[in-house]
2 protein chains.
Amino acid sequence: MAGGTKRLPRAVREQQMLDAAVEVFSAKGFHDTSMDAIAAAAEISKPMLYLYYGSKEELFTACIAREGQRFVEALGPATDSTLTPREQLRAALVGFLGFVDGHRSSWMVLYRQSMGEQAFASQVRTSRDRLIELTAKLLESSTREPEPGTDFGIMAVALVGAGEAVADRVAGGEIEVEKAADLLENLAWRGLAGKKK
Amino acid sequence: MAGGTKRLPRAVREQQMLDAAVEVFSAKGFHDTSMDAIAAAAEISKPMLYLYYGSKEELFTACIAREGQRFVEALGPATDSTLTPREQLRAALVGFLGFVDGHRSSWMVLYRQSMGEQAFASQVRTSRDRLIELTAKLLESSTREPEPGTDFGIMAVALVGAGEAVADRVAGGEIEVEKAADLLENLAWRGLAGKKK
DNA sequence: CGACATTCTTACTCTAGAGTAAGATCAACC
DNA sequence: GGTTGATCTTACTCTAGAGTAAGAATGTCG
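Cut-offs applied
Residues numbered from 1 in each chain as written. Chains lettered and ligands numbered in written order. Predicted model: local features only at pLDDT ≥ 70, side-chain atom pairs only at ≥ 80, totals over all residues. Helix = DSSP H or I, 4+ residues; strand = E, 2+ residues; numbered from the N terminus. Buried ≥ 20, exposed ≤ 12 C-beta atoms within 10 Å, placed from the backbone. Contact = placed C-beta atoms within 7 Å. Near = placed C-beta within 6 Å. Nonpolar A, V, L, I, M, F, W, Y, C, P; charged D, E, K, R; others polar. UniProt positions renumbered as here; feature names shortened; annotations may be inferred. Least-squares fit on C-alpha atoms with pLDDT ≥ 70 in both. Axes fitted to C-alpha atoms, helices over the stretch in contact; angles between N-to-C directions. Parallel < 35°, antiparallel > 145°, perpendicular 65-115°, else oblique. Left-handed = near helix turned anticlockwise from the far one by under 90°. Arc of directions from axis to C-beta. Core = buried A, V, L, I, M, F, W, Y, C linked by C-beta atoms within 7 Å.

## What about the overall build of chain A?
Link 1 in the chain: Across its full length, chain A carries nine helices and zero strands.
Link 2 in the chain: Counting from the amino terminus, chain A carries its helices and strands in the arrangement α-α-α-α-α-α-α-α-α.
Link 3 in the chain: Along the three orthogonal principal directions, the C-alpha set of chain A runs to about 65 × 30 × 30 Å.
Link 4 in the chain: Residues classed as buried in chain A amount to 41% of the 197 residues present.
Link 5 in the chain: A separation of at least 24 residues holds for 62% of the contacts in chain A among residues at least 6 apart in sequence.

Okay, structure coming up:
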């Protein structure tokens, strides 16, 4: 009402609201964020949030859904089957870390917030499990001697866990994407103490 | 009032309260846990919680402090300097995973809850950083050719991240401590695809 | 223009749950 | 037995913040 903000079609406002919500949620966490704060950040009034999203939980769910979508898209190149498995793994790493680097708020909302709230954890674990399964497949199909008793599933869990930890450092600006990808790639193939590529 | 519960000295009651608090916090999370719920679980009345701990946040802080203490103690054997670095790493892994296996609620409170709440994250990150630094030292001192440009710090971050992810599976009963330790030890030295010990 | 739908706001209601006031009950010691 | 100081409870207060009622402003299409 104050100055420039005009009336906008629903679809546009919805995205504005999500932008604001992701921003505030990522900064303060789900519980310490009030709907008033989101409304203020989006520069609209609170009832609009309820009109378009129904409740705080649904709004947060919508955040997860959109950011999760974008996250999965960033992993798209890794499923290009014309690449070798190893190249695919590299593509997945770069896609993953690049996403985190370019979307720190999304990363915060998706992982550091959602995983903590048992009400949303299942929703995130879905995308996460997809990543783990993809990793497991890539590890398996790029290993020559299957070594009986090798559980690629748990290996993928470990590698993704390592990836998430490193991603936090990427998000913190302490290390660049390429360096981080190198590290993780080496980790997968040779172990931490192994020679550099 | 009801039946058996007698009057108890403060020190004892405090531990009972912490036991109950850790239990409920780990199950429902910080925000979805009410002081009434904790009081009920501890079988005392709410004002006792406030009398002994002051506030909900301080109570949670006390939980973190006690469990974090226990966690660090579980890592004690890893600092035995009569062992080789590699044996120390193994001891750290077993200590860490064993702790998680035997104290699932503690693990939940310490990691899955605290790390999500930015109000407590710093407190936990202290213990966590100690673990990372310990790991970094162990990796460094057990590597022959330092390979210029090798950043043991970030390697330790990756390895600890992998450890946490695997620890979740241990807590979930999907894998046993020994198997998990083997996996992580191998990961550190040979990479996921490497031969088994 | 006038009717209808959509966008949007001010100004509330209502409840969960953090925190407290006031004092009862018990144990121990003189 | 009475005094002192813990332990412990019932029964509140008070507020942040989720969610809503009622309707004003703006567009658009006949």
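Now, onward.
## Side note on the protein's contact with DNA strand C
Link 1 in the chain: Of all residues adjacent to DNA strand C, which total 20 residues, the nearest are Arg 10, Ser 45 and Pro 47 of chain A together with Met 35 and Ser 55 of chain B.
Link 2 in the chain: Those elements that provide at least two residues to the surface near DNA strand C are α1 (10-28) and α3 (46-53) of chain A together with α2 (35-42) and α3 (46-53) of chain B.
Link 3 in the chain: Across the surface near DNA strand C, the residue classes tally to nine nonpolar, three polar and eight charged.

## Things to note about the interface of chain A and chain B
Link 1 in the chain: Each side of the interface is counted separately: chain A has 35 residues, and chain B has 35 residues.
Link 2 in the chain: Residues belonging to the side of chain A that touches chain B are distributed by class as follows: 18 nonpolar, nine polar and eight charged.

## Focus: the UniProt feature "DNA-binding region" (unreviewed entry) in chain A
Link 1 in the chain: The sites that carry the UniProt feature "DNA-binding region" (unreviewed entry) are, in the present numbering, residues 34-53 of chain A.
Link 2 in the chain: In residues 34-53 of chain A, helix accounts for 80% and strand for 0%; the two terminal C-alpha atoms are 15 Å from one another.

## Points about unusual backbone geometry
Residues and elements named next belong to chain A.
Link 1 in the chain: A positive phi angle, near 60°, is found at Glu 43, a position not held by glycine.
Link 2 in the chain: The residue Glu 43 is located in the loop between α2 (35-42) and α3 in this model.
Link 3 in the chain: When the 14 C-beta atoms within 10 Å are taken as the criterion, Glu 43 is described as partly exposed.

## Side note on the relation of the copies chain A and chain B
Link 1 in the chain: Expressed as a screw operation, the relation of chain A to chain B combines 0.0 Å of axial shift with a rotation of 180°, fitting to an RMSD of 0.0 Å. Taken together, these values place the two copies in the relation of a two-fold axis.
Link 2 in the chain: Counting the interface residues of chain A, we find that 100% of their copies in chain B are interface residues as well, pointing to one common contact surface.

## A look at the protein's contact with DNA strand D
Link 1 in the chain: In the region of DNA strand D, 20 residues are neighbours, and Met 35 and Ser 55 of chain A together with Arg 10, Ser 45 and Pro 47 of chain B sit closest.
Link 2 in the chain: Broken down by secondary-structure element, the contributors of at least two residues to the surface near DNA strand D are α2 and α3 of chain A together with α1 (10-28) and α3 of chain B.
Link 3 in the chain: Residue composition of the surface near DNA strand D, by class: nine nonpolar, three polar and eight charged.

## Considering the packing of helix α4 (residues 56-74) of chain B against helix α6 (residues 104-113) of chain B
Two numbers describe a pair of packed helices, the interaxial angle and the distance between the axes.
Residues and elements named next belong to chain B.
Link 1 in the chain: Between α4 and α6, the shortest axis-to-axis distance is 10 Å and the interhelical angle comes to 115°. On the basis of their axis angle, the class for α4 and α6 is roughly perpendicular. Judged by the sense of rotation from one axis to the other, the crossing of α4 with α6 is left-handed. For the pair α4 and α6, contact is made by Cys 63, Ile 64, Glu 67, Gly 68, Arg 70 and Phe 71 and by Ser 106, Val 109 and Leu 110, respectively.
Link 2 in the chain: Here the contact of α4 with α6 is built from residues that sort into five nonpolar, two polar and two charged.

## Remarks on the UniProt feature "domain: HTH tetR-type" (unreviewed entry) in chain A
Link 1 in the chain: The positions UniProt marks with the feature "domain: HTH tetR-type" (unreviewed entry) are residues 11-71 of chain A.
Link 2 in the chain: In residues 11-71 of chain A, helix accounts for 82% and strand for 0%; the two terminal C-alpha atoms are 21 Å from one another.

## Points about the environment of Gln 88 of chain B
Residue and element names in this part refer to chain B.
Link 1 in the chain: For Gln 88, the position within the fold is in helix α5 (residues 85-102).
Link 2 in the chain: The exposure class of Gln 88 is buried, given the 22 C-beta atoms found within 10 Å.
Link 3 in the chain: Through-space distance from the C-alpha of Gln 88 to that of Glu 133 is 13 Å; in sequence the pair is 45 residues apart.
Link 4 in the chain: In contact with Gln 88, not counting residues within four places along its chain, are Ala 78, Asp 80, Leu 83 and Leu 138.

## Comments concerning α2 of chain A
The periodicity of an α-helix, 3.6 residues per turn, causes residues three or four positions apart to be oriented the same way.
Residue and element names in this part refer to chain A.
Link 1 in the chain: Those residues of α2 not exposed but buried are Ile 38, Ala 39 and Ala 42. Down the axis, α2 shows its buried residues gathered within 100° of arc, on one side only.
Link 2 in the chain: Where α2 is buried, its residues contact α1 and α3.

## Section: the nonpolar core
The tendency in soluble globular proteins is for nonpolar side chains to be buried as a group.
Link 1 in the chain: Counting residues in each nonpolar core, the largest one holds 118 residues, and the members touching the most others are Ala 158 and Val 166 of chain A together with Ala 158 and Val 166 of chain B.
Link 2 in the chain: Among all residues touching Val 166 of chain A, those that are not within four sequence positions of it are Ala 180, Leu 183 and Leu 184 of chain A together with Ile 154, Val 157, Ala 158 and Gly 161 of chain B.

## Re the environment of Ala 180 of chain B
All names here are of chain B.
Link 1 in the chain: For Ala 180, the position within the fold is in helix α9 (residues 177-190).
Link 2 in the chain: For Ala 180 and His 31, which are 149 residues apart along the polypeptide, the C-alpha to C-alpha distance reads 32 Å.
Link 3 in the chain: The contacts of Ala 180, once residues within four sequence positions are left out, are Leu 97, Val 166, Val 170 and Ile 175.

## Digging into the environment of Leu 97 of chain A
Residue and element names in this part refer to chain A.
Link 1 in the chain: Along the chain, Leu 97 turns up in helix α5 (residues 85-102).
Link 2 in the chain: The class for Leu 97 is buried, based on 25 C-beta atoms found within 10 Å.
Link 3 in the chain: When the C-alpha positions of Leu 97 and Glu 58 are compared, they lie 28 Å apart, and in sequence the two are 39 residues distant.
Link 4 in the chain: If we ignore the near neighbours within four places in the chain, the residues touching Leu 97 are Ala 167, Val 170, Val 177, Ala 180 and Ala 181.

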